[in-house]
Amino acid sequence: MKQQELEKAKEYKYGFTTDIESIKAPRGLNEDIIKFISEIKKEPKWMLDWRLKAFSRLKNIKEPNWQKPKYPKINYQDLYYYSAPKSSNEKPKSLDDVDPKLIETYKKLGIPLKEQEKLAGVAVDAVFDSVSVATTFKDKLTEKGIIFCPISEAIQKHPELVKKYLGSVIPITDHYFATLNSAVFTDGSFVYIPKNVRCPMELSTYFRINASETGQFERTLIIADEGSYVSYLEGCTAPMRDENQLHAANVELIALDNAEIKYSTVQNWYPGDENGKGGIYNFVTKRGACRGKNSKISWTQVETGSAITWKYPSCILQGDNSVGEFYSIAITNNHQKADTGTKMIHLGKNTKSKIISKGISAGRADNTYRGLVDINKKALNSRNYTQCDSLLMGNKCGAHTIPYIKNKNSSSIVEHEATTSKINEEQLYYCNQRGLNQEEAVGLIVNGFCKEVLQQLPMEFAVEAQKLVGISLEGSVG
Amino acid sequence: MLEIKNLKASINNKTILKGLSLSIKPGELHAIMGPNGSGKSTLANVLSGKDGYKISGELNFKGENLKDVPVEKRAQKGIFLAFQYPLEIPGVNTNNFLKTSLNSLRKSKGEKELDSLAFLKLVKEKSSELGIDEKILSRQLNVGFSGGEKKKNEILQMKILDPNLSILDETDSGLDIDALKIIAKGVNSSRNSKKSFLVITHYQRLLDYIKPDFVHVLSDGKIVKTGCGELAEELEKTGYKKLN
Ligand SMILES: Nc1ncnc2c1ncn2[C@@H]1O[C@H](COP(=O)(O)OP(=O)(O)O)[C@@H](O)[C@H]1O
Ligand SMILES: [Mg+2]
């Protein structure tokens, strides 16, 4: 990197919030870029070393390519790894400058105007609204000793926690995208819930100050100390505008003795157009460790966006009696592709896991459930229940179920059920006869199909997600 | 209200309705009787606009040609069909379904949508009027309903959606006498000078409780006889065979 830009980065330290627009690292991936990111984030040396270690590892490994959806080769030297939030003059001036289709969707979702502006990236001071909400919110959490902040802040203020847990569930050597993220991640959330504290509210990225543009390499770390509970919401039902095609986030969860983490995601990134042009590659690594006895981690995901979704939120059930759950809805329409599922690794005794996956394909889309249930020799008396249901709309789409089961002891039981069905014309007719148009009818039936997953979502989120399910399938039935 | 002229309908290369004419005026209740396979359900389906039939002849509703009007638009114009075999829709709450349905109809008429509170009040009122246990409404739509519960649910929907023309396809079949009375009550309490009914039945029994203005006998896709209430009683005695 050019000396001059590094100088600029240093200057930056003094005017971090005011003069943010001018900084953009040049294209490409090299040690200088990583140093640049680390410096901008004012990171301590151990963090930079950690990143560099990941980077040197990255040079010796290749991208995986066993997944079903193939994608054109990504030129990693051609990407930007750091760019500051957009300046006001690059952003749309008002909602009138924003794609009307997007606005239409916001309206259907019933999103308030101020929020629409924020989501569409309109340059207004509406953000201040949410800042004040976030502040009162923060006070409440501080009272309980809960830490909820950008991970860049946690690296500075809570280095002992970050050092201890970062990379402890997803090692930097894990696989290509996880390693890439470890080298270049820009920001994300950090959560720590102290012993025996029940987090009094749903934590949502939406309320996190400075959360607006964490970029394509997000990093999240959530630690639930003994006897604590937290429910975390990621994402947002409204379609997110984003210029970056590749998203490779890492999310690590750690639950200690008797702790519980509930992690809910609604992912609705740009899926590309009807012809399959454009759209986000959502290659995310999410993994939780039930490290303590009687701990529980529950993943719920509603994946409706992105051109390609490729992720397996997983649970490592280390503690005896620990529980892992995975509830998933993956909707693919037009040319979208999803290869998603979970891994449940049973290590402790009496561990239980439950997998409920609902895949819906329409148009020319392709939807794969891929899951691994691995019950270790020592994980005596463990149980898994898996249910994978696929719903097809039309006959140009595809659904696949690929369950891998490794049960290495005879005291454990694995149950697997799978169904594939087509959307039933008679059901649609019944709904139409009651005055519902085709889209309303599809929305209703598909929501019924997904019910077991939707009801895992926190209340307000569930209502929005229900609408989203209908909207995602618009135009998919004749 | 409804004008049918020389209606023919076929599906899968089989002609089922073979030139059927029928005229129903506002306030009238017509009964259609006929043996199994005579085309009763097909008539109901065709009137509702169900896809897949090849149709000729004329179909007018409130003076408007229904050709090319899709199912949901016909429903919005005020045609309701109580199905012979109501479908199960897993995961869909019955109340929620009904509310969505009612609000779609209201929207299409430019009326304000009902909120949950107003809707529940309406449901309570209508179900207690008919003596239907509203508990079934908090279950998944028709899933695990008994035959009687399914039919009662259809009638409750009819009451709540308040259509201009109600078509009942063998709603009485397989019901015990108490359920039958509920169905009859649902119809009788809705009858007025603006509402019309087409009640399809296989048995005369229902007509002990619902007094039709006209009775038609359908046989092999055609109306072979039309009369007033007494025709039904006659049929009960002689059977359908004599008519052919
Ligand atoms: N989709 C279809 N394809 C072929 N034949 C059909 C179809 N639907 C109905 N039929 C036939 O048409 C005739 C009339 O059916 P239907 O209208 O259901 O009679 P009803 O209700 O009077 O018992 C029956 O012989 C039936 O088998
Ligand atoms: Mg029939």
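To be clear, the structure that these remarks concern was listed above.
Q: Honestly, the overall build of chain B in this entry has me stumped. Any pointers?
A: A tally of regular secondary structure across chain B gives 7 helices and 10 strands. Against the compact-globule benchmark of 18 Å for 244 residues, chain B has a radius of gyration of 18 Å, which places it among compact chains. Here chain B contributes 39 positively and 30 negatively charged side chains, and the mean placements of these two sets differ by 2 Å.

Q: When you look at helix α3 (residues 94-108) of chain B in this model, what are you seeing that I'm missing?
A: Within an α-helix, residues lying three or four positions from one another point in the same direction, as the helix has 3.6 residues per turn. Between the first and last C-alpha of α3(B) there are 21 Å, a value that for 15 residues agrees with the 21 Å anticipated at 1.5 Å per step. Along α3(B), the positions that sit buried rather than exposed are B:T94, B:N95, B:F97, B:L98, B:S101, B:L102, B:N103, B:S104 and B:L105. Looking at the buried positions of α3(B), the neighbouring elements they touch are α10 (425-433) and α11 (438-449) of chain A together with α2 (71-77), α4 (116-130) and α5 (147-161) of chain B. Two to three positions downstream of the cap, the backbone nitrogen of B:N95 sits 2.9 Å from a side-chain oxygen, assigning the N-cap of α3(B) to B:N93.

Q: Looking at this structure, I do not really get the interface of chain B and chain A. What am I missing?
A: Accessible area lost during the coming together of the parts is what is often quoted as the interface size. Opposite the 32 residues of chain B that make contact, chain A presents 18 residues. Both sides together, the interface formed by chain B and chain A hides about 2000 Å², and carbon and sulfur atoms give 61% of it. Broken down residue by residue, the surface that chain B buries against chain A is led by B:E72, B:F83 and B:L87, which jointly contribute 26%. The interface formed by chain B and chain A includes 3 salt bridges. Among the salt bridges present, the one from A:E426 reaches B:K50, with a minimum N-O distance of 2.8 Å.

Q: Help me understand the site of ligand 1 in this model?
A: Residue and element names in this part refer to chain B. In the vicinity of ligand 1, the contacting residues are I11, N12, K14, I16, P35, N36, G37, S38, G39, K40, S41 and T42. Within the side chain of N12, an N or O atom sits 2.9 Å from a nitrogen atom of ligand 1. Between ligand 1 and T42 there is a distance of 2.5 Å, counted from an oxygen atom to a side-chain nitrogen or oxygen. Relative to its unbound accessible surface of 560 Å², ligand 1 loses 65% to contact with the protein. Sorting the residues of the shell around ligand 1 by element identifies β2 (14-24) and α1 (40-48) as the ones contributing at least two each.

Rules used throughout
- Every chain is numbered independently, its residues counted from 1 as its sequence is written.
- Lettering of chains starts at A and numbering of ligands starts at 1, both following the order in which they are written.
- Local features in this predicted model are restricted to residues whose pLDDT is 70 or higher, and side-chain atom pairs enter the listing and the counts only when it is 80 or higher, whereas totals over whole chains, interfaces and linings include all residues.
- Side-chain measures here rest on the full set of heavy atoms in the structure, leaving out hydrogens and waters.
- Secondary structure is summarised from DSSP: a helix means a run of H or I of at least four residues, a strand means a run of E of at least two, and numbering begins at the N terminus for each.
- In this treatment the radius of gyration is a C-alpha quantity, and the globule benchmark scales as 2.2 Å times the residue count to the 0.38 power.
- Charged residues are defined here as Lys and Arg on the positive side and Asp and Glu on the negative side; His and the ends of the chain fall outside this count.
- Charged groups are reduced to one reference atom each: NZ for lysine, CZ for arginine, CG for aspartic acid, CD for glutamic acid.
- Here, expected helix span is obtained from the residue count minus one, scaled by 1.5 Å.
- With a 1.4 Å probe rolled over the protein chains alone, any residue whose accessible area is under 20% of its type maximum counts as buried; one over 50% counts as exposed, and the rest are partly exposed.
- The criterion used for residue contact is that any of the two residues' heavy atoms lie within 4.5 Å.
- Definition of a polar contact: a pair of N or O atoms within 3.5 Å, with one able to donate and the other able to accept a hydrogen when the atoms are protein atoms, and with sequence-neighbouring residues admitted only if both atoms are side-chain atoms.
- Here the quantity called buried area is the accessible surface, traced with a 1.4 Å probe, that two parts lose on coming together, added over both.
- Should a side-chain nitrogen of Lys or Arg be within 4 Å of a carboxyl oxygen of Asp or Glu, the pair is scored as a salt bridge.
- Whether a residue is near a molecule or strand depends on its heavy atoms: if one lies within 4 Å, it is near.
- A 1.4 Å probe and the Shrake-Rupley method give the accessible areas. Residues count as covered only by the protein chains that appear here.

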